[in-house]
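Survey of secondary and tertiary structure
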Amino acid sequence: ITVVSEIRDVPVKCTQDIGVQNLEPKYTIVLVGAGVRHAGAIEELRAFVEKFDFRFVSSYGGADILPDHPLRYGILGTHGTQEAMDAVRAADTLIVLGCRLSINTRGYSDEYVAGKHLVMVDIDTSEHDGREGELIQEDVKIWLSTQTNG
């Protein structure tokens, strides 16, 4: 597992499709957790998804974050919407922001994460345990601001 502590090491590249680390994914989706609210990063999230035209879903803990935004597909997980579950299943890149990927969010398997390029931003490295992908220990507000502003 690689933990990246410097945001400049994980740039978001703008191509026809937006990706991370020079990827050119067919479909990227952002999963938003309660950590976005705790970091005071709701407006930074709005700027990020709008700048890159990323669709997003939330965990149950992040259900109140931009609930009526046109790029939002709903809530993922056991209390989620079919639209959100289908969107995550179809994605090949999953950017997880301030979400621990708990059983309530992902179910009892890693079906939503398996086979995807995972980028997980969380200030708490214990949330990265057992995950593979780009695991970034960073305040999500700082990460989002850096990605959006430069």
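Please refer to the structure placed before this passage.
Residues numbered from 1 in each chain as written. Predicted model: local features only at pLDDT ≥ 70, side-chain atom pairs only at ≥ 80, totals over all residues. Heavy atoms only, no water.

Here's the deal with unusual backbone geometry
- For D53, which is not glycine, the phi torsion reads 55° and is therefore positive.
- Within the secondary structure, D53 is located in the loop between α2 (42-52) and β5 (55-58).
- Unlike most non-glycine residues, L66 shows phi in positive territory, near 50°.
- Of note, L66 is situated in the loop between β5 and β6 (72-75).
- Judged by relative accessible area, L66 falls into the buried class, the value being 8%. (Helix = DSSP H or I, 4+ residues; strand = E, 2+ residues; numbered from the N terminus. Buried < 20%, exposed > 50% of the residue type's maximum accessible area, 1.4 Å probe, protein only.)

Observations regarding the packing of aromatic side chains
- Per the stated rule, a full pass over the model turns up four aromatic pairs.
- With 5.8 Å between their ring centres and 35° between their planes, F52 and F54 make a pair best called tilted.
- Here F52 falls in the buried class, since its relative accessible area comes to 8%. (Phe/Tyr/Trp six-rings, centres within 6.5 Å; stacked < 30°, edge-to-face > 60°.)

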